Amino acid sequence: MSFPILSYMIFIPFLGIIAVLVLRKEQVQAIRWASALFSFIPLVLSFFLLAHYDSSTSTMQFVEKHTWIPSLGVTYFLGADGLSVPMLFLTALLSFLSVIASFNIKFRVKEYFAFFLLLEVGMMGVFAALDFFLFYIFWEVMLVPMYFLIGIWGGPRKEYAAIKFFLYTLFGSVFMLIGILALYFTSQPHTLNMMELISQAPLLGRGFQLIVFVAFFLAFAIKVPIFPFHTWLPDAHVEAPTAVSVILAGILLKMGIYGLLRVSLPMFPKAALYYALPLALLALINIVYGALVCMAQKDLKKMVAYSSVSHMGYCILGISALTVTGVSGCVFQMFSHGLITGALFLLVGVLYDRAHTRDIDAFGGLWIKIPVYSGVMILFCMGSLGLPGLSGFISEFMVFIGSFPVFKVIVALAVLGVVITAAYFLRMIQKMFLGTFNTKWEALTEISGRELFTVIPLAILMIGVGVYPSPLADMIRATLENIVHLVTG
Amino acid sequence: MLPYSWLIPCFPLLSFALIIFFTIKKPRLSSLVSIGAVALSFLFSFIVLVTVLGNPVTSEFKINWLDLPGFKVEAGMLIDPLTAVMLMVVTIVSMLVQIYSVGYMAGDSRFSRYFSFLSLFTFSMLGLVLSNNFFEIFIFWELVGLTSYLLIGFWFEKKTASDAGKKAFITTRTGDLAFLVGIFLLTTTVGTLNFQEAFHQVESGAISSTLLTLSAILIFGGAVGKSAQFPLHVWLPDAMEGPTPVSALIHAATMVAAGVYLVARLMSIYALSVPASLVVAIIGAFTAFLAASIALVQNDIKRVLAYSTISQLGYMIMALGLGGYTAGTFHLMTHASFKALLFLGAGSVIHSMHTNDIWEMGGLYLKMRTTAITFILGSLSLAGIFPLSGFWSKDEILLLALNKSPIFALVGLAVAFMTAFYMFRLCFIAFYGKARDQHKFEHAHESPKVMTVPLVILAFLSVFAGWVGIPWLSKGYSTFVYHHEVHHLEPNFILMLVATFVALSGIYLAYVIYYKGTISAERLKNRFSSIHKLLYNKYYFDELYNAIIIRPLFKLADFLFKKFDLGVIDWLVNAAGNFTVFLSWFWELFDTYVVDGAVNGLGYVVRGTGAGIRKVQTGQLQNYAFVIFFGIVLIILLKIF
Amino acid sequence: MPSLYHYLSLSALLFCIGIFGALTRRNAIGILMAIELLFNAVNINFVAFARFIDPQAIVGQVFTIFVITIAAAEAAVGLAIIILIYRQHKGVDVDKVNIMKW
């Protein structure tokens, strides 16, 4: 592959930052369209990525490797496999849609879009980097724009949320750094190359694996988030502006899962086997606890935020099973949750922009007043609660059927989460869209074309994956088989 | 022809898409599209039936849908006599109900949307019937649940309607949990999702009997939810909040029968597990009795029918539990025709009276002759009067029960008695006697043709559909739809006579109380007031579930969120933050007084000395330069000399 | 025929004048001019040494060119600063320009 497509995907948004910075801050329209353009190009490139990806092998593709800091053995090493290609696509898609959705930002537009594009650089980089040094840099690069995006453009408690998010994540990152250093100094010769480290993984001692696994796990668990490290999530999601919530839920949460699959499983196979049961228990707690907490929510956005906690539990459950089906289910759930929850946040934002409240109890009978919005919202709620024919169901089904042979009782209990999820979504639908119309909202306007444009691609993908999941399943199979094989031997 | 059967569900799906995206603004066109689609499905189903009648074998068509390691998920169709019969039932009832709805829903502001939902439902139900594997049937199982939810809550402005929809969805989903876990248990053990392959595996002993029983009972949980069996029966009466044709289609004839269909479809599994079959039979019998007893005292015409439906479904489930594949599905078929008829008849009454309360009706026979006659025919059929459809199917079940276990036959007879009684209580109160609400009575009128014609067709079916199962026929229903060996039991005349007598006595009792008034209903009520209260309040199931499940669950959710999530976890997080802040405050003090003290002390010393020396500093750059220059000159001079 | 010492004397004289000027002038332009004198004194030294020690190598001349160039640049920057100071303070007396002094 001579064309360095991954580098282009990572650094074109960076060009976008420069473009945005060059424009004067009064040229709001130009800034918006420039950002849209520079986030659209990676999306186009990601289609090429999908088209040219060879799903028959688990080796890294589109590889770019250049020496960077030879004295430390640091290389500029990018590559994509069946795990990262869908994530890169999702990142490109959600970033583009979020930029479109951010057109209604009025305050400090220039800085907003610059930060946003920087965020995209970081996200793309994390999914493409195959060198720990690079990986860590991108991982941290995301953090900074996120802090400002929440802290400047956020809701009433934005400072608290931003600081909480930043400190929480940084806390995890520090452990990851320790883990990376530990791996660096254990490897012979010292290397930060992930592929190299994976091939050396069987040499690592069991005790070492058990300890370093935990260090990485802390970093990833906070990102996912896994109970009990989840409390940053509702605050950050609720306070963040709409598009940022979309990115948070759609991409950032996936990085924890991605890290577990990319780093924790292949590099610490013994530890992964050892910790499978605790992981499954945590997953069960995530699923049921997250769902129960959702039932107690009065704030729509907070409910969607907590639902992410519940849904990420399915991912963890799929991973803990260490079966190809379970792990495939996990990747499906990552993808599908990105689509569905991304869309839900977009839709919540649409309503909040008009009504300036997110109190579920404040609405009622909206289906009469704004039928298109309500229809779309209900469609995504159905997707989120796992209605067959939509992508959420496939992923949940795969997770369950993949992990059932391993953890029978835990899965049987986790299925409870499905009913509770249905309960809180239906309760929300009933309170907001059904019932008598609350005349207070007489002036509410229907969803606009631009807003509809941001969710329609997600709806199409959600239905597409739900009805015909084979392409995605084929794409990820070889890679995941390899990962599972590395762990279970 | 059979390989093209996949088109059958596709027509309604297409119609759904057409209505939603194109004709939503044109109600008349939407209804035509929807009815046309289901008519096409009906035509195809009819061809399928004829084909299968000619050659009654099981045929399967499938393609790979998703490859999972060691596990294939297929999309396919399984067509056997049972499927063919179910296809007919679903398409006929759906078609008639849709035609009827044109009259019933006329003028509704969401007319098109109503038909799109009906199409979606028909699609899902047909897909369910055609499914050839657990995965597919579960998908359609959930989809019918969704459409049921949408249609129950169709008039969502009414709080009770949206409540009922939610309740239906969540209650059936609770059953589906068990279903899902059962599927996992069974399919991961035998390693396939396909029905036929799973049956072969089970028959060859690939799964231990304990696991088989457990998974069979869990799967039955799904049927319990969908077919509204005890203990998940509470949603069906509330589901009557939906438009009446919907109740007829979904909550009487087709969707609620899906549970029965599921058990019938998996007969190979239940046949191998005696304990599971027993559980099925007991749940069925218990539900049949429970629901029939509640129906005795209800005053809402649709609720009586709803409890009657639950009771009859229990009947079918009981039959299946006793191994009566033929009897159970036969009753399913006849029940679909007469219960759809009864609901549509009730709808016709409600349409003209604008009330559900039977005590506001009365004497309607004079005003709505077609409705009344068809309704009474349906009631007779349901009560099991010779020679109507219901008689034959009910007789089949009773005969089976008698041969298997007489206790079930007794329960069956008791239920038959109650059924005859509550149905004719309804008929006598609503159609005979004096008009109780004069105002409403005067406005009552016969429904338009578009509504009465489906009634007449269904009445025809209620009378004659059962004749295909007359036990003396050499090539009847029981030779067409059967499981493994022919369960052909010798017809028992005495049983037929006893059953007829029981039914007639039930009707007579209703006649005496509600028509002649010889026995006062009021006095009976007062005499047995505690029982009446218990029955009238449906054994307080709703209150019970509310108290032991729903409220504790909400309390738990609230507790977890407010006390645990915010109170403990987040408190810990914030406490950690606050502790850090405290530490930094402490260290600041330390810094100020200890570290800074030392530094400042040093500073004071330096300052003191500096104060003396500062005099030298003029601040004039040129002075310094002068000093430097002369310094250098001095050094050079020193060097030289 | 002037010897090396003549040149050195001239240069020393110029240097002394320059130092005197730089140390005593209060006017910034004057200081700048005095510094130019210092440069030139040094330049003379370079050229003289180059001529008298190794006439073939023109290192001293080259270096002088550099010094002149730098001096020109320095004068430009210096004058620019002085102009700005003039605008700020309405004068170029270096004693008055003490805003950086604590």
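Just so we're clear, the structure is a prediction, and the values are computed from it rather than from any experiment.

1. Details of the overall build of chain C
Here is step 1 of the chain: Of the regular secondary structure elements, chain C holds three helices and zero strands.
Here is step 2 of the chain: Taken from the N to the C terminus, the helices and strands of chain C come in the order α-α-α.
Here is step 3 of the chain: The C-alpha radius of gyration of chain C comes to 17 Å, more than 25% above the 13 Å expected for a compact globule of 102 residues.
Here is step 4 of the chain: Counting all 102 residues of chain C, 12% fall into the buried class.
Here is step 5 of the chain: Nonlocal contacts in chain C, meaning residues at least 24 apart in sequence, comprise 49% of its contacts between residues at least 6 apart.

2. A short note on the overall build of chain B
Here is step 1 of the chain: When you go through chain B residue by residue, the secondary structure sums to 27 helices and two strands.
Here is step 2 of the chain: Whereas a compact globule of 641 residues would reach a radius of gyration of roughly 26 Å, chain B reaches 37 Å, over 25% beyond that.
Here is step 3 of the chain: Across the 641 residues that make up chain B, the buried fraction comes to 53%.
Here is step 4 of the chain: Taking as baseline every contact in chain B between residues at least 6 positions apart, the subset at least 24 positions apart corresponds to 79%.

3. Focus: the confidence of the model for chain C
The predicted coordinates should not be examined in detail at positions where pLDDT is low.
Here is step 1 of the chain: Mean pLDDT over chain C stands at 87; residues scoring 70 or higher make up 96%.
Here is step 2 of the chain: Here the complex is predicted with pTM 0.82, and the ipTM for its interfaces comes to 0.86.

4. Some words on the arrangement of the chains
Here is step 1 of the chain: Of all two pairs of chains that touch, the greatest number of contacts is found between chains A and B.
Here is step 2 of the chain: Spatially, chain A is disjoint from chain C: no contact exists, and the shortest C-alpha separation is 29 Å.

5. Brief notes about unusual backbone geometry
Here is step 1 of the chain: Geometrically, the link from Gln188(A) to Pro189(A) is a cis peptide bond, its omega value of -10° lying close to zero.
Here is step 2 of the chain: Structurally, Pro189(A) is set in the loop between helix H6 (158-186) and helix H7 (194-200).
Here is step 3 of the chain: Here the bond from Phe227(A) into Pro228(A) is cis, since omega is 0°, no more than 30 degrees from zero.
Here is step 4 of the chain: Here Pro228(A) lies in the loop between helix H8 (206-223) and helix H9 (232-239).
Here is step 5 of the chain: Positive phi is not limited to glycine here, since Tyr539(B) has a value of about 60°.
Here is step 6 of the chain: For Tyr539(B), the position within the fold is in the loop between helix H25 (529-536) and helix H26 (541-613).

6. Digging into helix H3 (residues 81-104) of chain B
Here is step 1 of the chain: With 24 residues, H3(B) extends 34 Å from end C-alpha to end C-alpha; this agrees with the ideal 34 Å at 1.5 Å per step.
Here is step 2 of the chain: Of all 24 residues in H3(B), 21 are buried; the element is thus mostly enclosed.

7. Section: the nonpolar core
Here is step 1 of the chain: Membership of the largest hydrophobic core comes to 419 residues, with the highest contact counts inside it found for Leu88(A), Leu347(A), Val263(B) and Ala340(B).
Here is step 2 of the chain: The biggest single contributor to this core is helix H19 (residues 406-431) of chain B, with 19 residues.
Here is step 3 of the chain: When neighbours within four sequence positions are excluded, Ala340(B) is seen to be in contact with Val93(B), Val97(B), Ala248(B), Ala252(B), Ala253(B) and Leu458(B).
Here is step 4 of the chain: Counting residues in hydrophobic clusters, the runner-up holds five residues, among them Ile19(C), Ala22(C), Leu23(C) and Ala28(C).

8. A few points about the packing of helix H15 (residues 325-353) of chain B against helix H17 (residues 369-383) of chain B
All names here are of chain B.
Here is step 1 of the chain: The contact between H15 and H17 brings their axes to 9 Å, and the two run at 145°. H15 and H17 meet at a crossing whose hand is left-handed. For the pair formed by H15 and H17, the contact residues are Phe-338, Leu-341, Leu-342, Gly-345, Ser-348 and Val-349 on the first element and Thr-371, Thr-374, Phe-375, Gly-378, Ser-379, Ser-381 and Leu-382 on the second.
Here is step 2 of the chain: Of the residues contributing to the contact of H15 with H17, the split by class is six nonpolar, seven polar and no charged.

9. Some words on the interface of chain B and chain A
Here is step 1 of the chain: The interface of chain B with chain A comprises 37 residues on the first partner and 38 residues on the second.
Here is step 2 of the chain: Residue assignment for the side of chain B that touches chain A shows that the elements contributing at least two residues are strand S1 (59-68), helix H5 (134-152), helix H6 (159-190) and H26 of chain B.
Here is step 3 of the chain: In terms of residue count, the dominant contributor to the side of chain B that touches chain A is H6(B) (12 residues).

10. Describing the environment of Asp395(B)
Residue and element names in this part refer to chain B.
Here is step 1 of the chain: Assignment of secondary structure puts Asp-395 in helix H18 (residues 389-404).
Here is step 2 of the chain: The spatial distance from the C-alpha of Asp-395 to the C-alpha of Leu-96 is 27 Å, given a sequence separation of 299 residues.
Here is step 3 of the chain: Beyond its immediate chain neighbours, meaning those up to four positions away, Asp-395 contacts Leu-495, Met-496 and Ala-499.

11. Remarks on the packing of helix H1 (residues 7-23) of chain B against helix H2 (residues 27-54) of chain B
Residues and elements named next belong to chain B.
Here is step 1 of the chain: Running from N to C, H1 and H2 point in directions that differ by 170°, and their axes come no closer than 8 Å. Judged by the angle between their axes, H1 and H2 are roughly antiparallel. Contacts from Leu-7, Ile-8, Phe-11, Pro-12, Leu-14, Ser-15, Leu-18, Ile-19 and Thr-23 in H1 reach Leu-29, Ser-30, Val-33, Ser-34, Ala-37, Val-38, Leu-40, Ser-41, Phe-44 and Ser-45 in H2.
Here is step 2 of the chain: Among the residues making up the contact of H1 with H2, the classes are represented as 13 nonpolar, six polar and no charged.

12. Brief notes about the environment of Val77(C)
Here is step 1 of the chain: Inspection of the secondary structure assignment puts Val77(C) in helix H3 (residues 59-89).
Here is step 2 of the chain: Sequence-wise, Val77(C) and Val67(C) are 10 residues apart; in three dimensions their C-alpha atoms are separated by 15 Å.

13. Section: helix H19 (residues 449-467) of chain A
All names here are of chain A.
Here is step 1 of the chain: Relative to the 27 Å expected for 19 residues at 1.5 Å per residue, H19 spans 26 Å between its end C-alpha atoms, a close match to the ideal helical length.
Here is step 2 of the chain: Along H19, the largest kink reaches about 30° and is centred on Val-455; proline Pro-457 follows within four residues of it.
Here is step 3 of the chain: Inspection of H19 places Glu-451, Thr-454, Val-455, Leu-458, Leu-461, Met-462, Val-465 and Gly-466 among the buried residues, and these make up the whole buried set.
Here is step 4 of the chain: Where the residues of H19 are buried, they touch helix H3 (84-101), helix H14 (324-355), helix H16 (371-384), helix H17 (391-403) and helix H20 (470-488).

14. Quick notes on the environment of Gly107(B)
Here is step 1 of the chain: On the secondary structure map, Gly107(B) appears in the loop between H3 and helix H4 (111-130).
Here is step 2 of the chain: Counting along the chain gives 80 residues from Gly107(B) to Pro27(B), while the straight-line C-alpha distance between them is 9.1 Å.

What counts, and where the lines are drawn
Residues numbered from 1 in each chain as written. Chains lettered and ligands numbered in written order. Predicted model: local features only at pLDDT ≥ 70, side-chain atom pairs only at ≥ 80, totals over all residues. Helix = DSSP H or I, 4+ residues; strand = E, 2+ residues; numbered from the N terminus. Rg over C-alpha atoms; globule rule 2.2 N^0.38 Å. Buried ≥ 20, exposed ≤ 12 C-beta atoms within 10 Å, placed from the backbone. Contact = placed C-beta atoms within 7 Å. pLDDT = per-residue confidence, 0-100. Expected span 1.5 Å × (residues − 1). Core = buried A, V, L, I, M, F, W, Y, C linked by C-beta atoms within 7 Å. Axes fitted to C-alpha atoms, helices over the stretch in contact; angles between N-to-C directions. Left-handed = near helix turned anticlockwise from the far one by under 90°. Nonpolar A, V, L, I, M, F, W, Y, C, P; charged D, E, K, R; others polar. Parallel < 35°, antiparallel > 145°, perpendicular 65-115°, else oblique. Bend = angle between axes of the 7 residues up to and from the residue.

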